[in-house]
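# Observations on the model geometry
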Amino acid sequence: MVLFGGITLFGLIILLSASSVSGQYQFGDSLQLFRRQLVWAGLGSIIFVFLSQIDYRILRKFVPVLVAVSAILLVLVLIPGMGVNVNGSSRWLSIGPVIIQPAEIAKIALIIFTAHLLTLRERRMNRPDLTVRPVMLTFLVFAVLLALQPKLGTIVVLAFTLMVMMFIGGTKVRFLFPWVAGGSVGFVLAVLNSSYARERVEAFLDPMANQQGIAYQTIQSQVATANGGITGVGLGAGRAKYGFLPEVESDFIFANLAEETGLIGSTAVICFYALISWFGLRAAINAPDRFGMLLATGITSLIVSQAFLNIGVVLGVVPTTGVPLPFISAGGSSLVMMLAAAGLLTNVASRAKT
């Protein structure tokens, strides 16, 4: 609880600085985005406490509902008038005054579904038609819906997470390989057929040729990171947020963090995620049952892979993906679902075998 509370609090502090300029520009209030995130953090904290206390195995009863609701929400996002389109992407759903991102809910739903299925068929792990196939077919349905948003970064994170869960669950590599190979080919074809994704890959391969276009964010994020040096320029003193780096409070918040807290602050955040990895690994190893072990494995893989993919984007070592930094980036859906996942992980850890 201290670990997740600490990184959430640190994230709120960084967001307070990163969002001040954009908040003033968009709403005439430099604290607007921070206050909104604070409300989501409060809601997420309540859900964290609740999910850390219940018997996590009860979630198995609601797997069909979780999967169905997640899929329906992803479909609703694509319906004009219901989905909120921003910069050509339809990733948000407006429910009254609240805007949510269904992709964040889908991540947790798929992890719970996979943990449940692999637990249910523990003695049939040598039957890929009963284990790997249903997991991957369900994933493919979600992947198609996510690709239509488009949300390719989430597809990559989910694919990695589910593969790790199946491998740890006892699936032989030879059963996974055809899906990995086929999925990789399909993903490449999807990128090539999407001008949105293709431009991002081209910008990654030759950023200077696109420095005033789609590579602008990546270049500016690297400038901000380098500007931080060892100790940073100080909280609130960063320049990237003054219009130089778009989305600095969300997908590129690590750049603002690096600029204002330097290598010291950046390393501290990376250590946070390393500690989460260790905490999750220990929770999985000492889980009282197979479902708990797989649930802890999936949640840990999700958080850590998403964190390092986001950081990789900021540093320019992977193409821009639009994946938020867990517990730190602005975004209510992401923060609430990450805290929900953290609550489940804490739950499994608290029931460790003695």
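Higher on the page you've got the structure.
As a convention, each chain's residues are numbered from 1 in the sequence order in which they are written. Per-residue local features are limited, in this predicted model, to residues with pLDDT of at least 70; the limit for side-chain atom pairs, both in listing and counting, is 80 or more; totals at the level of whole chains, interfaces and linings are taken over all residues. To obtain the side-chain values, all non-hydrogen atoms of the structure were used and water was disregarded.

### What to know about unusual backbone geometry
Defined as follows: Only DSSP runs of H or I reaching four residues or more are called helices, and only runs of E reaching two or more are called strands; each is numbered from the N terminus. The rule is simple: take the accessible area with a 1.4 Å probe, protein chains only, and divide by the maximum for that residue type; under 20% is buried, over 50% is exposed, in between is partly exposed.
Of note in the backbone geometry, E247 takes a positive phi value of approximately 60 degrees without being a glycine. For E247, the location among the structural elements is in the loop between α11 (240-244) and α12 (253-285). Residue F327 is not a glycine yet carries a positive backbone phi of 75 degrees. Position of F327 relative to the elements: it lies in the loop between α13 (290-315) and α14 (332-350). For F327, a relative accessible area of 2% gives the class buried.

### Details of the packing of aromatic side chains
Threshold: Aromatic contacts are taken between Phe, Tyr and Trp rings whose centres are within 6.5 Å, Trp giving its six-membered ring; a plane angle under 30 degrees counts as stacked, one over 60 as edge-to-face, and the others as tilted. Charge-over-ring contacts are defined here by two conditions on Lys NZ or Arg CZ: a distance within 6 Å of the ring centre and an angle within 35 degrees of the ring normal.
Summed over all chains, the structure comprises four aromatic pairs. Relative to F291, the ring of Y56 lies with its centre 6.0 Å away and its plane at 20 degrees, an arrangement referred to as stacked. Linking Y56 in the loop between α3 (32-53) and α4 (63-77) with F291 in helix α13, this pair joins segments that are 235 residues apart in sequence. Considered together, Y56 and F291 belong to a single accessibility category, that of buried residues. An aromatic cluster is present here, built from F4, F48, F279 and F327 joined pairwise through their rings. Above the ring of Y56, the side-chain terminus of R57 is found at 5.3 Å from the ring centroid.

### Some words on empty space enclosed by the protein
This is how it is decided: Cavities and pockets are found on a 1 Å grid laid over the protein atoms alone: a cavity is a set of points where a 1.4 Å probe fits but cannot escape, a pocket is an open set with protein on both sides within 12 Å along at least five of seven lines, and a lining residue has an atom within 4 Å of such a point. Grid points are joined across faces, edges and corners, and a volume is the space filled by probe spheres set on the points. Here the term charged refers only to Asp, Glu, Lys and Arg, the term nonpolar to Ala, Val, Leu, Ile, Met, Phe, Trp, Tyr, Cys and Pro, and the term polar to all other amino acids, Gly among them.
Evaluation of the coordinates by the stated rule reveals two cavities of 30 Å³ or more. Of the voids in this model, the largest cavity is the one considered here, and its volume is about 60 Å³. Contributing to the lining of the largest cavity are R200, A203, F204, I214, A215, T218, V318, P319 and T320. If you tally residues by element for the lining of the largest cavity, the top one is helix α9 (residues 195-205), at three residues. Considered class by class, the residues forming the lining of the largest cavity number six nonpolar, two polar and one charged. If you trace the second largest cavity, you find it lined by T8, G11, L12, L15, Q37, F327, I328 and L335. The class makeup of the residues in the lining of the second largest cavity is five nonpolar, three polar and no charged.

### Some points on the side chain of T171
Note the threshold: It only takes one pair of heavy atoms within 4.5 Å for two residues to be counted as in contact.
For T171, the location among the structural elements is in the loop between α7 (152-168) and α8 (173-192). Excluding anything up to four places from it in sequence, T171 contacts M125, V132, M166 and L176.

### Side note on a nonpolar patch on the surface
Short version of the rule: Patch membership requires more than 30% relative accessible area and the absence of a salt bridge. Residues of like charge join within 9 Å; the nonpolar side chains Val, Leu, Ile, Met, Phe, Trp and Tyr join within 5 Å. Each accessible area is a Shrake-Rupley result for a 1.4 Å probe, and residues are judged covered by the shown protein chains and nothing else. When a carboxyl oxygen of Asp or Glu is within 4 Å of a side-chain nitrogen of Lys or Arg, the pair counts as a salt bridge.
Taken together, the side chains of I58, F62, V65 and V69 present a nonpolar region at the surface, about 340 Å² in accessible area. Mapped onto the elements, F62 comes out in the loop between α3 and α4.

### Thoughts on helix α2 (residues 20-27)
Stated formally: Each C-beta atom gives one direction from the helix axis, and the arc is the one those directions make.
The complete set of buried residues in α2 reads S20, S22 and G23. Viewed along the axis of α2, the buried residues span an arc of 165 degrees, placing them on a single side of the element. Of the surrounding elements, those touching the buried residues of α2 are α1 (2-18), α3 and α11. Taken from the residues just after α2, G28 is the one with a positive phi, measuring 75 degrees.

### Comments concerning the packing of α7 against α8
Selection criterion: Geometry is summarised by axes, namely lines fitted to C-alpha atoms with helices restricted to the contacting stretch, and by angles between N-to-C directions that run from 0 to 180 degrees. For classification purposes, angles smaller than 35 degrees are called roughly parallel, those larger than 145 roughly antiparallel, those between 65 and 115 roughly perpendicular, and all remaining angles oblique.
Interaxial distance between α7 and α8 falls to 11 Å at its minimum, and their mutual angle equals 175 degrees. As summarised for this structure, α7 and α8 are arranged roughly antiparallel, according to the angle between their axes. For the pair formed by α7 and α8, the contact residues are L152, V156, M163, M166 and F167 on the first element and V173, L176, W179, V180, F187 and V191 on the second. Along the lines of polarity and charge, the residues of the contact of α7 with α8 split into eleven nonpolar, no polar and no charged.

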